[in-house]
Amino acid sequence: MTLRAEAHTPPATEVRRFGPAQKWVHRTTAALMGVCVVTAAFLYVPELAELVGRRELVVRIHECAGLALPVPVLAGLVSRAFRADLGHLNRFGPHDKVWLRAALRRDKRRSQRPAAKFNAGQKIYAAWIAGASLVMLGTGLIMWFTHLTPIMWRTSATFVHDWLALTIGIVLAGHIGMALGDPEARSGLRTGKVSREWAQREHPLWRP
Amino acid sequence: MENVNPEQSEEPGEPQPPERGTPVGRRVLLGTIGLGALGVVAAPSLQRALEGFLGAAADKDPTGLTGLLPNGGGFRYYSVASSVPHKNATNYRLTVDGLVDRPKTYTLDDLRALPQTKLVKDVQCVTGWRVPDTPFEGVRLSRLLDAAGVRAKAGAVRFTCFDGTYTESLTLDQARRSDILVALRMQNKDIGHAHGGPVRLYVAPMYFYKSAKWLSGIHVTEKVEPGYWEHLGYDVDAWVGRSNGRDDDPTS
């Protein structure tokens, strides 16, 4: 019975997008970033600072979470799949230029948004948030170990740390907002799998 | 295009595999780090420019949102304790003791009954923010010290606060300056809890961490004992513009 046989091996409707390495790197990085953002708000927004107090303890938690922030990515490097995804995020092809130009023009037509495994926006976001996190780490360390650098550096580092924190907050809100707008992208990161139909619609050049 | 290989024509415009594309991601990452480093180098001048702009904007901002921006003008609330009790005219007490002949405890009304001095000067925080022309009113610290009769071997004054944690210190010579107040009013109103009310110290010529909030004790001692932030690396003699490695304009 050919029909039966076909029913037993249906055409794959799901494709694998992420393995456990990528899932856990994202999860732990997100959790650490969340701790950084929440403790930063406690230190920074007067009303919240007034509510929470305990400045030294909050600072300590913020410092530890910040210091740990790059650890999941570094640990993920042992995974071949994770390294491959970093390669996908790093390399830009001609189609990424098309995507970015369309994004600047707010052109939402699918034909104008060609993307492989990651679209150009995701690539730029990944590279920027990685660089910004490292700047936060560097300026944070200057503010933390005050005796290592002249005090003038601390004031300058505080200035960059404060303004970049605000920028990261806005960009992060955009990142979360876009994830909220695409349930299948989120379930892809949760389960590791996405439907073939979604993959073809959102990432037409991706060959899983 | 008849002789196009059908395998290729299936994907018109198919790009090269991502592995062979341009490493734009790496450039964006390194560029971000470079901009961050540049920001640290340019921070002093950027900060001055932004403070001027945001300070002016904050004056005309009814929403108060500019106050949430870094260096957006205005005061910031820092508390080192988990919670601070509220004190008012009925339960507030200020004690003056230590190396003095006549230790004394003041109520809020006692302090209000003493001659008041008003100073209008800039407030400068060691983290960078500055609030221009802020009026403070209160009793000169030197008056309270004179009333208590400071003994000859005394050399310093230690301040304690009813948040239970914060401490500050001044040398006796500093404490006797005429621009150091036990302040009851700030910005022409009674000092509220968030700003360290009902009574806080106001040390006009020094960075604002010297102006201890929620003042509850004045202890005359022999030597200067470093206060809370000074244990954490800040200067004890915190003259604005001449300490903590900063070059702000003096406030008094």
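Residues numbered from 1 in each chain as written. Chains lettered and ligands numbered in written order. Predicted model: local features only at pLDDT ≥ 70, side-chain atom pairs only at ≥ 80, totals over all residues. Heavy atoms only, no water.

- Chain B appears in an unreviewed UniProt entry as Molybdopterin-dependent oxidoreductase from Streptomyces cylindrosporus.

- As annotated in an unreviewed UniProt entry, chain A is Cytochrome b/b6 domain-containing protein from Streptomyces cylindrosporus.
- Quoted straight from UniProt, the Subcellular location (unreviewed entry) entry for chain A says "Cell membrane". (UniProt positions renumbered as here; feature names shortened; annotations may be inferred.)

A word on the overall build of chain B
Here is step 1 of the chain: Within chain B, the secondary structure is distributed over six helices and 10 strands.
Here is step 2 of the chain: Per-residue burial over chain B gives 46% buried out of 252 residues.
Here is step 3 of the chain: The contacts of chain B with a sequence gap of at least 6 include a subset with a gap of at least 24, amounting to 65%.
Here is step 4 of the chain: On chain B, roughly 12400 Å² of surface is accessible, and the fraction owed to carbon and sulfur atoms is 53%. (Helix = DSSP H or I, 4+ residues; strand = E, 2+ residues; numbered from the N terminus. Buried < 20%, exposed > 50% of the residue type's maximum accessible area, 1.4 Å probe, protein only. Contact = heavy atoms within 4.5 Å. Areas by Shrake-Rupley, 256 points an atom, 1.4 Å probe, with all protein chains shown as cover.)

Remarks on the pattern of salt bridges
Here is step 1 of the chain: Applying the stated criterion across every chain yields a total of 16 salt bridges over all chains.
Here is step 2 of the chain: Between R105 of chain A and D107 of chain A there is a salt bridge, with its nearest N and O atoms 3.5 Å apart.
Here is step 3 of the chain: Of the charged contacts, one joins E168 of chain B and K210 of chain B as a salt bridge, the two residues approaching to 3.0 Å between their closest N and O atoms. With a gap of 42 residues between them, E168 of chain B in strand 6 (residues 167-171) and K210 of chain B in the loop between strand 9 (200-203) and strand 10 (215-221) connect regions that are remote in the sequence.
Here is step 4 of the chain: Ionic contacts of the salt-bridge type, sharing partners, join the residues D109, R112, E137, R185 and D190 of chain B into one network. (Salt bridge = Lys/Arg side-chain N within 4 Å of Asp/Glu carboxyl O.)

Topic: the pairing of strand 9 of chain B
Residues and elements named next belong to chain B.
Here is step 1 of the chain: The alternating pattern of strand 9 places R200 and Y202 and L201 and V203 on opposite faces, both of which are buried.
Here is step 2 of the chain: For strand 7 (residues 180-186) and strand 9, the ladder comprises four bridges, and the chain directions are antiparallel. Bridging across to strand 9, L181 finds its partner in Y202. (Pairing = 2+ DSSP bridges.)

Section: the UniProt feature "transmembrane region" (unreviewed entry) in chain A
Here is step 1 of the chain: Per the UniProt entry, the sites bearing "transmembrane region" (unreviewed entry) are residues 24-45, 124-143 and 163-181 of chain A in this numbering.
Here is step 2 of the chain: Across residues 24-45 of chain A one finds 95% helix and 0% strand; the C-alpha atoms that close the span lie 31 Å apart.

Notes on helix 4 (residues 141-148) of chain B
Residues and elements named next belong to chain B.
Here is step 1 of the chain: Listed as buried for helix 4 are L141, S142, L144, L145 and A148. Buried residues of helix 4 fall within an arc of 160° about the axis and therefore sit on the same side.
Here is step 2 of the chain: Looking one or two residues past helix 4, G149 carries a phi angle of roughly 75°, positive in sign. (Arc of directions from axis to C-beta.)

So, a nonpolar patch on the surface
Here is step 1 of the chain: Among the surface-exposed residues, L67, L141, F145 and L148 of chain A lie close enough to one another that they form a single nonpolar patch of about 350 Å² accessible area.
Here is step 2 of the chain: Along the chain, the position of L148 of chain A falls in the loop between helix 8 (120-144) and helix 9 (151-180). (Patch = residues over 30% accessible without salt bridge, like charges linked within 9 Å, V, L, I, M, F, W, Y side chains within 5 Å.)

Side note on the nonpolar core
The tendency in soluble globular proteins is for nonpolar side chains to be buried as a group.
Here is step 1 of the chain: If you look at the biggest cluster of nonpolar residues, it comprises 44 residues, and the most contacted ones within it are L94, L141, L145, L215 and I218 of chain B.
Here is step 2 of the chain: Where this core is concerned, the elements lending two or more residues are strand 1 (94-98), helix 3 (108-113), helix 4, strand 5 (156-161), helix 5 (172-175), strand 7, strand 9 and strand 10 of chain B.
Here is step 3 of the chain: Residue contributions to this core peak at four residues, all from helix 4 of chain B.
Here is step 4 of the chain: With residues near it in sequence (within four places) discarded, I218 of chain B still touches L94, T95, V96, D97, L141, L144, L145, V157, R158, F159 and V182 of chain B.
Here is step 5 of the chain: Listed in part, the 18 residues of the second largest apolar core include L32, M33, L69 and V160 of chain A. (Core = buried A, V, L, I, M, F, W, Y, C linked by side-chain atoms within 4.5 Å.)

Comments concerning the packing of aromatic side chains
Residues and elements named next belong to chain B.
Here is step 1 of the chain: Per the stated rule, a full pass over the model turns up six aromatic pairs over all chains.
Here is step 2 of the chain: With 5.1 Å between their ring centres and 55° between their planes, Y209 and Y234 make a pair best called tilted. One end of the pair, Y209, is in the loop between strand 9 and strand 10; the other, Y234, is in the segment after helix 6 (228-231), with 25 residues separating them in the sequence. Side by side, Y209 and Y234 carry an identical accessibility label, which is buried. (Phe/Tyr/Trp six-rings, centres within 6.5 Å; stacked < 30°, edge-to-face > 60°.)

Some remarks on the side chain of Q174 of chain B
Residue and element names in this part refer to chain B.
Here is step 1 of the chain: Structurally, Q174 is set in helix 5.
Here is step 2 of the chain: Residue Q174 is classed as buried on the basis of its relative accessible area, which comes to 8%.
Here is step 3 of the chain: Q174 has contacts with I180, M206, D237 and W239, leaving out every residue within four places of it along the chain.

As for the packing of helix 7 (residues 94-104) of chain A against helix 8 of chain A
All names here are of chain A.
Here is step 1 of the chain: Helix 8 packs onto helix 7 with a crossing angle of 90° between their chain directions and a minimal axis gap of 8 Å. With respect to helix 8, the element helix 7 is oriented roughly perpendicular. Together, H95, D96, W99 and L100 of helix 7 and A120, G121, K123 and I124 of helix 8 make up the contact between the two elements.
Here is step 2 of the chain: When grouped by side-chain class, the residues that make up the contact of helix 7 with helix 8 number four nonpolar, two polar and two charged. (Axes fitted to C-alpha atoms, helices over the stretch in contact; angles between N-to-C directions. Parallel < 35°, antiparallel > 145°, perpendicular 65-115°, else oblique. Nonpolar A, V, L, I, M, F, W, Y, C, P; charged D, E, K, R; others polar.)

Some remarks on the packing of helix 4 (residues 55-68) of chain A against helix 8 of chain A
All names here are of chain A.
Here is step 1 of the chain: As a packed pair, helix 4 and helix 8 sit with axes 10 Å apart at the nearest point and diverge in direction by 140°. Put simply, helix 4 runs oblique to helix 8. You can see that helix 4 and helix 8 cross each other, and the crossing is left-handed. On helix 8, the residues touching R60, E63, G66 and L67 of helix 4 are L137, L141 and W144. (Left-handed = near helix turned anticlockwise from the far one by under 90°.)

Quick word on the sheet that holds strand 2 (residues 104-106) of chain B
In sheet architecture, strand pairing relies on hydrogen bonds along the backbone and comes in two forms, parallel and antiparallel.
Residue and element names in this part refer to chain B.
Here is step 1 of the chain: Reading across from one edge, 2-1-10-5-6 is the order of the five strands in this open sheet, with mixed pairing throughout. Since the sheet does not close on itself, it has two edges, and those belong to strand 2 and strand 6, each with one partner. Strand-to-strand twist of the sheet, defined as the mean angle between neighbouring strand axes without regard to direction, takes the value 20°.
Here is step 2 of the chain: Inspection of the sheet shows strand 5 paired to strand 6 by five bridges, in the antiparallel sense. Of the residues in strand 6, the one forming a bridge with A156 is T171.
Here is step 3 of the chain: Each of strand 1, strand 2, strand 5, strand 6 and strand 10 touches helix 4; the most contacted strand, strand 10, lies at about 55° to it.

Points about the pairing of strand 10 of chain B
Residue and element names in this part refer to chain B.
Here is step 1 of the chain: When you tally the buried positions in strand 10, you get six out of seven residues, the bulk of the element.
Here is step 2 of the chain: In terms of strand pairing, strand 1 meets strand 10 through four bridges, oriented parallel. Of the residues in strand 10, the one forming a bridge with D97 is H219.
Here is step 3 of the chain: Taken together, the six bridges between strand 5 and strand 10 define a ladder with antiparallel strand orientation. Within strand 10, the position partnered with A156 by the bridge is T221.

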